[in-house]
Amino acid sequence: MNILDGRHFGLFAASLMQYTKDMNVATPISAEKAASKAEVRIGHTVCPHDCPSACALEVDINADGRIGRVRGANANTYTAGVICAKVARYSERIYHPGRLLTPKRRKGAKGAGDWQEISWEAALDEVADAFVKAEARHGAEAIWPYFYAGTMGQVQRDSIERLRHAKKYSGFFGSICTNMAWTGYVMGTGALRGPDPREIGKADVVVIWGTNAVATQVNVMTHAVKARKERGAKIVVVDIYDNPTMKQADMRIVVRPGTDAALACAVMHIAFRDGYADRNYMARFADDPAGLEAHLKSKTPQWASEITGLSVEEIEAFARLVGTTKKTFFRLGYGFARQRNGAVAMHAALSIATVLGSWQYEGGGAFHNNGDIFRLNKAELMGTAYADPDVRQLDQSQIGRVLTGDAEALRHGGPVTALLIQNTNPVNVAPEQRLVKQGFLRDDLFVAVHEQFMTETAEVADIVMPATMFLEHDDIYRAGGQNHILLGPKLVEPPETVRTNLFVIEELAKRLGVDHMPGFGLSAREHVDRMLKVSGWGDFESLAEEKWIDAQPPFEMAHYLEGFGYGDGKFRFSPDWATGPSPNKPPKNIGVMGPVSEFPKFPDQVDVIEVADADHPFRLATSPARNFLNSTFAETKTSVQKEGRPELMVCPEDAARNDIADGDIVRIGNTRGEVRLHAKIVEGARPGVLIAEGLWPNKAHLDGEGINVLTGADAVAPYGGAAFHDNKVWLRRGDEAGEA
């Protein structure tokens, strides 16, 4: 993948120094306020959670060293002073009475809740001893360090990889979140970057496609509403139900799950038919516009209407709006790509901007993620110099299959008998939950969990260790959904008995005999400093002064006006799905995944999804709730109160057909299992579509089993991922027994 070729690098490098200090100064405090709040200081940091926004934060630090108000930084031009409510009330989380504060050893049966408090020395000794025994019995690959994005801080999240590589433990293919979306985007553009996301505010039409931004990326709405107020811009929302973002839309496009590609194809069909297509632009910047046009001849609005559930008039109106508005900004989310055809759907929606030539205009084009612009060199941090390509890679999404001995999931190797888990809660968030729980309850599996709360994964561990929160350690962040590298310095002291992720990795390295290897023995601040220097971004002190770096490349590069990321500079309407680029391609010992042979040459609707059938007439999506973030915040009182209880959204037609009233207990199920929860009758979803917002803990459900009992972990083409919103299910009335 040609991220920065010779044509781009010189211009890009020069532009890096052009960001101005006035974008990076702290929000000023008036003299009067300063006098009245003499005992309160303001700390500057970053929201660490698994969200594309990486909001710049200002945090009040009281005289007693405790945090007070948390708010968005006005001076950061993307955050623009706005953050989500769940982070604004972070004091509720950091001072939660249920926070883990001491290491614990399991005493009774797994999951029984019988614990003994132990010292840190004892906890680390026992983890290291278990790893040594597992390696002696089955080889180094029996140990699987398992992590994800509970923190997006580069040091605290990724240091676990250094230990993995040093010890040659089983590799970790992190597939669960981004793979389908990133792959679909990069198959078209050849690079994971796009227009400055702040250009949303300069658009005349903003299309928010497949992301409930009000709940999950509030800053997208900040800039979209700015465009509407200042320019009269229209906001279009494409999604599968009437969520809070849809309620803000000027045009609402509610499609059936997994049919986004059909809508995109019909829009492009109309663009060619009615003269909206920019043929001159495509002749310069696209691989085969003639082939695409011929392919789209049959992709009429009538064809798409039958697939999507939209009326022909709705499709025509949407196509006309974007076709006649040059400054149309397509903000493409993750949600619609969490289908088994998600990569194709992302690529199809992305292709509209190229057919229309929207990339040419400020406030136009298509944005998904800016991952390629940051260039943070993490080789030392992650220990990539001593990574062994022959060590097997195990798929994060298939942890249930791995732990229950599935030969293919294990890459036909030996069992996993020891886990170290940081920053993730697989016993709640991973698909195929019954397999996951079965695996974690194995008597021969040792599990060490480093966590902030007693999550459902921690509950089935052998050793649990308490972890710091983001305000209590140093780290550095990059914002995939925007354009800044941001520093997250330590602002408050942690409880005396909790430790950072980095501390755990360093202490295990000492006990396992690899602490002499490059990258070990450094503090978090030293890691940040060395990473910045080797990446050409200054050093820790300069970033501490500036607070963030605007890494957005020049307009011409961001809009691909000097060519797309492929060697020939052409956008791919017809990508090679089996060999094409992706930021997270599986290693050779995994290879191409899923039914890639069924993927189309050009954008098209491809039904490799779980199509509803007579036994499973409904399609279920497990969409994010406004007050949770994956399983995070499900422990805080206010978030739980605002969300209420686990519920299944059912449209009135389906409720009447199945004799279901609002609040009734219902059962939904498929071949993977079944779940009971309460029905919530809502307008705004297509008949045959069910929505379960979360992610609620399993134990919050009536039978102690959560919604991921129903989600699958089968390999998604072409490069893996978890299709959380792609589930065929049946729906039945539940009996009243066990009602909560």
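Residue indices begin from 1 for each chain and proceed along its sequence in written order. With the structure being a predicted model, the display of local features is reserved for residues of pLDDT at least 70 and the display and counting of side-chain atom pairs for 80 or more, all residues being used for whole-chain, interface and lining totals. Hydrogen atoms and water are omitted, and side-chain values are computed over all heavy atoms in the structure.

(A) Spotlight on the overall build of the chain. Of the regular secondary structure elements, the chain holds 25 helices and 25 strands. Principal axes of the C-alpha set define a box for the chain whose edges measure 70 × 65 × 55 Å. Exposure is judged per residue with a 1.4 Å probe applied to protein chains only, and the accessible area is read against the type maximum: over 50% gives exposed, under 20% gives buried, and values in between give partly exposed. Put simply, the chain has 740 residues, and 64% of those count as buried. Within the chain, residue pairs in contact and separated by at least 24 positions form 77% of the contacts whose partners lie at least 6 positions apart. Throughout, the Shrake-Rupley method with a 1.4 Å probe supplies accessible areas, and for residues the shown protein chains are the sole cover considered. When the accessible area of the chain is evaluated, it comes to approximately 25,700 Å², of which 50% is carbon and sulfur surface. When charges are counted, Lys and Arg contribute as positive and Asp and Glu as negative, whereas His and the chain ends are disregarded. The atoms used to mark charge sites are NZ of Lys, CZ of Arg, CG of Asp and CD of Glu. Within the chain, one finds 83 positive and 94 negative side-chain charges whose respective centroids are separated by 2 Å. Secondary structure elements are taken from DSSP: a helix is a run of H or I of four residues or more, a strand is a run of E of two residues or more, and numbering for both begins at the N terminus. Pairs of residues are marked as contacts when any of their non-hydrogen atoms sit within 4.5 Å.

(B) Quick look at the packing of helix H5 (residues 120-138) against helix H20 (residues 501-512). An axis is simply a line fitted to the C-alpha atoms; with a helix, the fit covers only the stretch in contact. Between two such axes, the angle follows the N-to-C directions and lies from 0 to 180 degrees. In the contact formed by H5 and H20, the axes pass within 10 Å of each other and the chain directions differ by 55°. In this view, H5 runs oblique relative to H20, as classed from their interaxial angle. Of the two elements, H5 crosses H20, and the hand of that crossing is right-handed. Along the contact surface, H5 presents Trp 120, Glu 121, Leu 124, Asp 125, Val 127, Ala 128, Phe 131 and Val 132, while H20 presents Phe 503, Val 504, Glu 507, Leu 508, Arg 511 and Leu 512. Orientation categories follow fixed angle ranges, with anything under 35 degrees roughly parallel, anything over 145 roughly antiparallel, 65 to 115 roughly perpendicular, and all other angles oblique. By convention the crossing between two helices is left-handed if the near helix lies anticlockwise of the far one by an angle smaller than a right angle, and right-handed if it lies clockwise.

(C) Quick peek at the sheet that holds strand S11 (residues 328-332). Whether two strands pair depends on DSSP finding at least two bridges between them. Taken in spatial order, the 5 strands make up an open sheet running S10-S9-S8-S11-S12, and their pairing is parallel. One side of each edge strand has no neighbouring strand; the edge strands of this open sheet are strand S10 (251-254) and strand S12 (365-367). Strand-to-strand twist across the sheet, computed as the mean angle between neighbouring axes with direction ignored, equals 15°. Bridge count between S11 and S12: 3 bridges; the pairing is parallel.

(D) Examining the pattern of salt bridges more closely. Basic side-chain nitrogens of Lys or Arg form a salt bridge, by our definition, when they fall within 4 Å of a carboxyl oxygen of Asp or Glu. Throughout the structure, instances matching the rule amount to 53 salt bridges. A salt bridge links Glu 362 to Lys 202, with the nearest nitrogen and oxygen atoms 2.9 Å apart. Note that Glu 362 is positioned in the loop between helix H15 (342-356) and S12 and Lys 202 in the loop between helix H7 (179-189) and strand S8 (205-209), a separation of 160 residues in sequence. The shortest N-O distance in the salt bridge between Arg 686 and Glu 314 comes to 3.9 Å. Of the two residues, Arg 686 sits in the loop between strand S23 (673-681) and strand S24 (689-691) while Glu 314 sits in helix H14 (residues 312-323), which places them 372 residues apart along the sequence. Relative accessible area serves as the criterion here: at 18%, Arg 686 is assigned to the buried category. Using a relative accessible area of 28% as the deciding quantity, one classes Glu 314 as partly exposed. Salt bridges linked by common partners bring Arg 340, Glu 610, Arg 619, Arg 672, Asp 714 and Asp 726 together as one network.

(E) Inspection of the sheet that holds strand S17 (residues 475-478) at higher detail. Taking strand neighbours across the sheet as the criterion, the 3 strands line up as S17-S18-S19 in an open arrangement whose pairing is antiparallel. Since the sheet does not close on itself, it has two edges, and those belong to S17 and strand S19 (548-550), each with one partner. Adjacent strand axes in the sheet meet at a mean angle of 10°, parallel and antiparallel pairs treated alike.

(F) Geometry of the environment of Val 528. Relative to the helices and strands, Val 528 is located in helix H21 (residues 524-535). Sequence separation of Val 528 and Lys 378 is 150 residues, and the distance between their C-alpha atoms is 9.6 Å. Contact partners of Val 528, with chain neighbours within four places excluded, come to Val 155, Asp 475, Ile 476, Leu 487 and Phe 540.

(G) Seen up close, the packing of helix H13 (residues 301-308) against H14. For the pair H13 and H14, interaxial distance at closest approach is 8 Å and the crossing angle is 115°. Crossing hand, H13 versus H14: right-handed. When H13 is examined against H14, the residues Pro 301, Gln 302, Ala 304, Ser 305 and Thr 308 are found in contact with a partner set consisting of Val 312, Ile 315 and Glu 316. When residues are sorted by character, Ala, Val, Leu, Ile, Met, Phe, Trp, Tyr, Cys and Pro go into the nonpolar class, Asp, Glu, Lys and Arg into the charged class, and all the rest, Gly among them, into the polar class. A class-by-class count of the residues in the contact of H13 with H14 yields 4 nonpolar, 3 polar and 1 charged.

(H) Examining the side chain of Lys 167 more closely. Inspection of the secondary structure puts Lys 167 in helix H6 (residues 154-167). Polar contact is the term for a pair of N or O atoms within 3.5 Å; when the atoms are in protein, one must be able to donate a hydrogen and the other to accept it, and sequence-neighboring residues count only if both atoms are side-chain atoms. In this structure the side chain of Lys 167 is engaged in a polar contact, spanning 3.4 Å, whose partner is the side chain of Glu 135. Apart from residues no more than four positions distant in its own chain, Lys 167 is found in contact with Glu 135, Ala 140, Leu 512 and Val 514.

(I) Quick peek at the environment of Leu 57. Residue placement: Leu 57 occurs in strand S2 (residues 56-61). Assessed through its relative accessible area of 1%, Leu 57 is described here as buried. With 19 residues separating them along the chain, Leu 57 and Asn 76 place their C-alpha atoms 9.0 Å apart. The contact partners of Leu 57, leaving out residues within four places of it in the chain, are Gly 43, His 44, Thr 45, Val 46, Cys 47, Val 70, Arg 71, Ala 73, Ile 83, Val 87 and Phe 470.

(J) Layout of the confidence of the model for the chain. A score from 0 to 100, pLDDT tells how confident the predictor is in each residue. Across the chain, pLDDT averages 93, with 94% of residues at or above 70. Every residue in residues 1-36 scores below 50 in pLDDT, and together they form 66 contacts with partners more than four places removed in sequence or on other chains. Long-range and interchain partners of residues 736-740, a stretch whose pLDDT sits below 50, account for 7 contacts in this model, where long-range means more than four residues apart.

(K) Local environment of the nonpolar core. Among the buried residues, those of types Ala, Val, Leu, Ile, Met, Phe, Trp, Tyr and Cys that are joined through side-chain atoms within 4.5 Å form a nonpolar core. Membership of the largest hydrophobic core comes to 81 residues, with the highest contact counts inside it found for Trp 209, Leu 263, Phe 318 and Phe 330. Among the elements that make up this core, the one with the highest residue count is H15 (11 residues). In this structure Phe 318 touches Val 207, Trp 209, Val 236, Val 238, Met 251, Ile 253, Leu 263 and Val 267, once residues within four positions along its chain are discounted. In terms of nonpolar packing, the next biggest core, distinct from the first, is built from 62 residues, Val 127, Ala 409, Phe 446 and Ala 722 among them.

(L) Spotlight on H13. Those residues of H13 that fall on the buried side of the exposure criterion are Pro 301, Ala 304, Ser 305 and Thr 308. Buried residues along H13 cover an arc of 110° about the axis, so they all sit on one side. The inward-facing, buried residues of H13 contact S10, helix H10 (260-274) and H14. In the stretch just after H13, Gly 309 is the one whose phi turns positive, near 85°. Directions from the helix axis toward the C-beta atoms define the arc.

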